[in-house]
Amino acid sequence: MAIWTLLMNRAMADTFMPEQGTEIAKSVDNLYAFLLVVSFISCAILIGGMIYFAMKYKRKTANDKTAYITHDTRLEVLWSVVPLIIFMVVFAWGWVVFHDMRTMPADALEIQVTGKQWAWTAEYKNGVKSVDIVVPVNRNVKIVLASEDVLHSFYVPSFRIKMDAIPGRYTNLWFNATKLGEFHVFCAEYCGTTHSGMITRLKVVSQEDFDKWLTSESEIGTLPIAERGRKYFQTRACASCHNVDNPAAKVGPSLYQLYGKEEALIEGGTAKVDDNYLRESIMDPQAKHVVGFPKPSPMPSFQGQLSESELAALIEYIKGLK
Ligand code: CUA
């Protein structure tokens, strides 16, 4: 078993699977490697046997008679019981790994992660919000998932963990990252236009760096207003639809040098981009539609989700994009 684990882990980690960032990843890969090897052996026996018998018992002369065999009890028992044993092994093995995955450790660091079209936001116990999910290494972390709109699925391939984020209820998963570094979080449930862009970084850092990061993030309230706006812009994932450093449109209009412009509206006429226009566009995106963009707008409303102070900071940040 030990040799199997060693060999398979190397093979799986180096060849076809993403880097193994947790112990669970190794257990999953072991089981997967076992399935793969058993399948290859079965395939070789089945296809090899078929070819061998086809050649061996090929009719050689016109009078060649095929032996008349109706059944063989020993053989039938053998080919039923052996696969049954293999399947039961796979079932029990899978059960153990799945049980490990689904049993939340009581001492875990809890992080609230919310999926929203089209970004993940992490929220820590001390109120810090972040688009990057930062966790300490070698520590049990529990992710409590929620969704603000539609089904999403939180997937970290390197950790071999995945869980749906479902509107109207909490779901959860846990991991213990054993490697420092950055890992990808994907959305694994089709959720609309920018589903494929719903990617977040999961940073595994030392406990010391984690504490430092958490403290510095919690001091966000003392930043200059436009700087705070930039932070909210990141945490609310505005950048997934709006450019800020060039005039090219993404899903929504670029915000680069937008302030003060006259925008042509689908509704007719124009609107000047001032504080109230930006406010309205964030709080009630269906109020006005700029020519060249879809109506109704795919932009979600932030009514009730941003405080006046946060909104003001965002607008201040947008004003400064020159
Ligand atoms: Cu969120 Cu796909």
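Our subject is the structure listed above.
A brief structural summary. (Residues numbered from 1 in each chain as written. Predicted model: local features only at pLDDT ≥ 70, side-chain atom pairs only at ≥ 80, totals over all residues. Heavy atoms only, no water.)

Some words on the packing of helix α2 (residues 23-56) against helix α3 (residues 73-102)
Alright, step 1. Where α2 contacts α3, the two axes come as close as 10 Å, and the packing angle between them is 165°. Put simply, α2 runs roughly antiparallel to α3. Crossing hand, α2 versus α3: left-handed. Contact with α2, carried on its side by I24, S27, V28, N30, L31, F34, L35 and V38, involves I86, V89, V90, W93, G94, V97, D100 and M101 of α3 and no other residues of that element.
Alright, step 2. Here the contact of α2 with α3 is composed, by residue class, of 12 nonpolar, 3 polar and 1 charged. (Axes fitted to C-alpha atoms, helices over the stretch in contact; angles between N-to-C directions. Helix = DSSP H or I, 4+ residues; strand = E, 2+ residues; numbered from the N terminus. Parallel < 35°, antiparallel > 145°, perpendicular 65-115°, else oblique. Left-handed = near helix turned anticlockwise from the far one by under 90°. Contact = heavy atoms within 4.5 Å. Nonpolar A, V, L, I, M, F, W, Y, C, P; charged D, E, K, R; others polar.)

Here we look at the pattern of salt bridges
Alright, step 1. Under the definition given, this model contains 15 salt bridges.
Alright, step 2. A salt bridge links K179 to E19; the shortest N-O distance between them is 3.9 Å. Placement of the pair is K179 in the loop between β8 (171-176) and β9 (181-187) and E19 in the loop between α1 (2-14) and α2, with a sequence separation of 160 residues.
Alright, step 3. Note on K179: relative accessible area 34%, which makes it partly exposed.
Alright, step 4. For E19, a relative accessible area of 41% corresponds to the partly exposed category.
Alright, step 5. The structure contains a network of salt bridges with shared partners spanning E110, K125 and K142. (Salt bridge = Lys/Arg side-chain N within 4 Å of Asp/Glu carboxyl O. Buried < 20%, exposed > 50% of the residue type's maximum accessible area, 1.4 Å probe, protein only.)

Things to note about a nonpolar patch on the surface
Alright, step 1. On the surface, a cluster of nonpolar side chains totalling about 540 Å² of accessible area is made up of L46, I47, M50, I51 and M55.
Alright, step 2. Structurally, the position occupied by L46 is in helix α2.
Alright, step 3. The class of L46 is exposed, set by a relative accessible area of 59%. (Patch = residues over 30% accessible without salt bridge, like charges linked within 9 Å, V, L, I, M, F, W, Y side chains within 5 Å. Areas by Shrake-Rupley, 256 points an atom, 1.4 Å probe, with all protein chains shown as cover.)

Here's the deal with the side chain of D29
Alright, step 1. Note that D29 resides in helix α2.
Alright, step 2. Within the local environment of D29, its side chain forms a polar contact with the side chain of Q20, the two groups lying 2.7 Å apart. (Polar contact = N/O pair within 3.5 Å; in protein donor to acceptor, adjacent residues only side chain to side chain.)

A short note on the sheet that holds strand β10 (residues 200-205)
Alright, step 1. Ordered in space as β4-β10-β9-β6-β7, the 5 strands form an open sheet in which the pairing is mixed. With one partner strand each, in any of the chains shown, β4 (133-136) and β7 (161-165) form the two edges of the open sheet. For this sheet, the mean angle separating the axes of adjacent strands, direction not counted, is 25°.
Alright, step 2. The pairing of strand β6 (residues 152-156) with β9 spans 2 bridges and is antiparallel. Pairing of Y155 across the sheet is with F186, part of β9.
Alright, step 3. Relative to β4, helix α4 (residues 207-218) is tilted by about 140°, and along the sheet it contacts β4 and β10. (Pairing = 2+ DSSP bridges.)

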